[in-house]
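# Geometric and topological summary
Chain by chain, the residues run as shown.
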Amino acid sequence: SKRKRTMRPRFVLLLASTLQCADAFTSSIAFKLPTARSAGLRHVSALPGGLRVSTRGQRKCTLSTVCAAGGLQKFMSEPDPPPESVLRAVEALGGRVTVGDVASKAGMSVEEAKKQLTVLAQLAEGNLEVSTEGELVYSFDGSFRSTLSARSAKRRAQEAWDKVAPLAYYLLKVSFGVALITSIALIFTAILVIQSSSRDERDERRSSFGGGGGFGMGPSFWWGPTPFDFFYFNAYSPYGVNRYEEPGKMSFLEAVFSFLFGDGDPNEKLDQRRSQAVARLVREQGGSVIAEQLAPYMDPPKEFDPTEDRVDEAFILPAITELGGTPEVTEEGNIIYTFEDLQVSAAGTGSVLESLKGQSAQELKQLASAQGVSTAGLYDKDDLVASLNAVLAKREAEGSGAQSRLGAFLEERQYEFSLASQGQLLAVGALGVINIAGALYLGNLFASPYLAGRHLPGLIGFVQTIYPALVAYGVGFLAVPFGRFLKMKRDNAAIEARNRIRASYAFALKKGGAAMETKLREAKERRVKLKVVEKGDVEYTTGKSITEQGLDLKQWDDQFGSTDKK
């Protein structure tokens, strides 16, 4: 049976209730609490997530007096602020959203979207609106980011880390390049010092026999070829590429890190892209779809086989669980999946531009400030809307640009060995070879009769001590990328196989067939129009007092009390 969505006014009464000062994580937040007596309430319970209710006869309850000590304990007990994807979804949708709106926009499960919206409403002073049919809408003003930062210590800490993280990550990446250069410098400095010392001793012996002459800085004739010979080939030609003529996307030191470890997972946000694609499909299809429509976005175990009468639809379960789907069996024995939560919206299918036009100039300025958009010289509302629309539209394009290339199925991106330029990779690889070759040559010098068993002083002694680590580093510098290359080949083969399976279902869906058309027709019969909760549909909001909204609670109790007892 279908889930009932009708909400009796008694539920509205329960929403118009007091907040309980019980959670220590809100110790630094002052809540406005209505007294049940002043509001005329006979049934009192807490709002979800600690949302504010404004009524007459309010009193302030600040838990900072209860939890005055233990600042770290307060910080750790605070709720984690919503992720950036939720904040951007709320902004892009104009500040009034439903759970289905955020789940679709941010690419997350319905339950997670509900949880994050509740936390955001609590921390950012959002309001909860209830329609005449019991649909819940979360409403935020344009300055909700600033309010969130002011009321959440964890959010402030996250913002501070976001400012430091790029520099810290950059320093981490370039440290591998610095380590390579340092290793090469130590190795070849030691080689140079040892060879210079040996030449001085030979020169002294030769002068005692009347010999003479010395050796310059060129290749050693006496000791044979050395790694220094590499630097004497075509000495007037600069090594590497000209960065002024062919600037790369990353510095050379960053290229060292990329050569070693790659550039991250190209499918890091695959689950988010999948949820967004499925939610968009469900809304386009009126909330009713079949497994073959979802398969191009999921992970079926094998390619579509037209000879099979039934498809094992177990791979659909993740989407059903995340987006609140319900399976229904038709008279023909087919299974249709309906998603009621996704068919309720406060933003509708309007664009970002339309959502911005619905906000006041003050709210637009607050939103621009939160987004880091300069409002200098922007005095008219139309100018503010145009400027913000350009920023948000660009961000939306960057976030969903990959999805626009998906076509009819979710396509995973294959790994690349490195995003550095070919010249950078060649230079890094050559330095890695020089590093290990120099280390092996240095080991040969340490093992020579002249130095064997001797503990050398100064810098050479330090290099002699860490020599095993230098060799291990040199071997690892080449072994790690080689192992990663082999793993990348296997991963890309698996990605190609998954893409091929999804593409087979997309092709089968496009091709159709009698059985497929029957299932699509049955799903179409169960479509429902996207229900948009307008501001005029709101029966109750936590942004106003019960008295201001003219709610007669006693009349509702008398009218619906007998129904509730049943």
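Here, the structure is the one placed above.
Computed from a predicted model, the values in this text were never measured in an experiment.

We now examine the overall build of the protein. The helix and strand inventory of the protein stands at 20 helices and 11 strands. Taking all 566 residues of the protein together, the buried fraction comes to 43%. Put simply, the protein shows about 30,500 Å² of open surface, and 56% of that area lies on carbon and sulfur atoms.

This paragraph deals with the sheet that holds strand β8 (residues 335-338). In any sheet, the strands associate via hydrogen bonds between backbone groups, in a parallel or an antiparallel arrangement. Strand order in this open sheet of 3 strands is β6-β8-β7, and the pairing throughout is antiparallel. Only two strands of the sheet have a single neighbouring strand rather than two, namely β6 (288-289) and β7 (326-329). Pairing geometry for β6 and β8, over 2 bridges, is antiparallel. Each bridged residue has a counterpart across the sheet, and for valine 289 the counterpart in β8 is tyrosine 337. Each of β6 and β8 touches helix α19 (residues 514-525); the most contacted strand, β8, lies at about 35° to it.

A word on the pattern of salt bridges. Applying the stated criterion across every chain, the model contains 25 salt bridges. The salt bridge involving arginine 274 is made with aspartate 271; its shortest N-O contact spans 4.0 Å. Note that arginine 274 and aspartate 271 are positioned in helix α10 (residues 270-284) at a spacing of 3 residues, about one turn of the helix. Overall, the relative accessible area of 11% leaves arginine 274 in the buried class. When salt bridges with common partners are traced through the structure, they connect Glu84, Arg88, Glu91, Arg145, Arg155 and Glu159 into a single cluster.

Turning next to unusual backbone geometry. Phi is positive for glutamate 125, which is not a glycine, with a value near 55°. Relative to the assigned elements, glutamate 125 resides in the loop between α6 (110-123) and β4 (127-131). For glutamate 125, a relative accessible area of 34% corresponds to the partly exposed category.

Attention now moves to the sheet that holds strand β11 (residues 538-541). With antiparallel pairing, 4 strands are arranged side by side in an open sheet as β3-β5-β4-β11. In this open sheet, the two edge strands, each paired with only one partner strand, are β3 (96-97) and β11. Relative to β11, β4 runs antiparallel, the two being bridged by 3 bridges. Among the inter-strand pairings, valine 130 is bridged to a residue of β11, identified as tyrosine 540.

Turning our attention to the packing of aromatic side chains. A complete count under the given rule lists 12 aromatic pairs for this structure. An angle of 45° between the planes, with centres 5.9 Å apart, marks the rings of tyrosine 473 and phenylalanine 477 as tilted. Pair noted here: tyrosine 473 and phenylalanine 477 are both in helix α18 (residues 467-511), with a separation of 4 residues, about one helical turn. Assessed through its relative accessible area of 24%, tyrosine 473 is described here as partly exposed.

With that out of the way, let us pick up the packing of helix α9 (residues 252-261) against helix α16 (residues 422-446). For the pair α9 and α16, the least separation of the axes is 9 Å and the interaxial angle reads 75°. Between α9 and α16, the angle is such that the two are roughly perpendicular. Across the interface between the two elements, Phe252, Ala255, Val256 and Phe259 of α9 pack against Gln424, Leu425, Ala427, Val428, Gly429 and Leu431 of α16. The class makeup of the residues in the contact of α9 with α16 is 8 nonpolar, 2 polar and no charged.

On to the environment of phenylalanine 261, then. When you line up the elements, phenylalanine 261 lands in helix α9. Classification of phenylalanine 261 by relative accessible area gives partly exposed; the value is 40%. Separated by 88 residues in the primary sequence, phenylalanine 261 and lysine 173 have C-alpha atoms spaced 9.8 Å apart. With residues up to four places along the chain from it excluded, the contact list for phenylalanine 261 reads Phe176, Val480 and Arg484.

Here glutamine 195 shows up in helix α8 (residues 153-208). Judged by relative accessible area, which is 3%, glutamine 195 ranks as buried. Within the structure, glutamine 195 has its side chain in polar contact with the side chain of tyrosine 441 (distance 2.9 Å).

This brings us to the nonpolar core. Residues Val90, Leu120 and Phe140 are the most contacted members of the largest nonpolar core, which totals 47 residues. At the level of elements, α4 (84-92), α5 (99-106), α6, α7 (144-151), α10, α11 (291-294), α12 (317-323) and α18 are the ones that each hand at least two residues to this core. Here the element with the most residues in this core is α6; it accounts for 7 residues. Discounting residues that sit within four places of it in the chain, phenylalanine 140 has contacts with Val90, Gly95, Val97, Leu117, Leu120, Ala121 and Gly126. Listed in part, the 32 residues of the second largest apolar core include Leu180, Ile184, Phe259 and Leu451.

The next subject is a nonpolar patch on the surface. A contiguous nonpolar surface patch, about 290 Å² in accessible area, is contributed by Leu167, Tyr170 and Leu171. By secondary structure assignment, the location of leucine 167 is in helix α8.

What counts, and where the lines are drawn
- Residues numbered from 1 in each chain as written.
- Predicted model: local features only at pLDDT ≥ 70, side-chain atom pairs only at ≥ 80, totals over all residues.
- Heavy atoms only, no water.
- Helix = DSSP H or I, 4+ residues; strand = E, 2+ residues; numbered from the N terminus.
- Buried < 20%, exposed > 50% of the residue type's maximum accessible area, 1.4 Å probe, protein only.
- Areas by Shrake-Rupley, 256 points an atom, 1.4 Å probe, with all protein chains shown as cover.
- Pairing = 2+ DSSP bridges.
- Contact = heavy atoms within 4.5 Å.
- Axes fitted to C-alpha atoms, helices over the stretch in contact; angles between N-to-C directions.
- Salt bridge = Lys/Arg side-chain N within 4 Å of Asp/Glu carboxyl O.
- Phe/Tyr/Trp six-rings, centres within 6.5 Å; stacked < 30°, edge-to-face > 60°.
- Parallel < 35°, antiparallel > 145°, perpendicular 65-115°, else oblique.
- Nonpolar A, V, L, I, M, F, W, Y, C, P; charged D, E, K, R; others polar.
- Polar contact = N/O pair within 3.5 Å; in protein donor to acceptor, adjacent residues only side chain to side chain.
- Core = buried A, V, L, I, M, F, W, Y, C linked by side-chain atoms within 4.5 Å.
- Patch = residues over 30% accessible without salt bridge, like charges linked within 9 Å, V, L, I, M, F, W, Y side chains within 5 Å.

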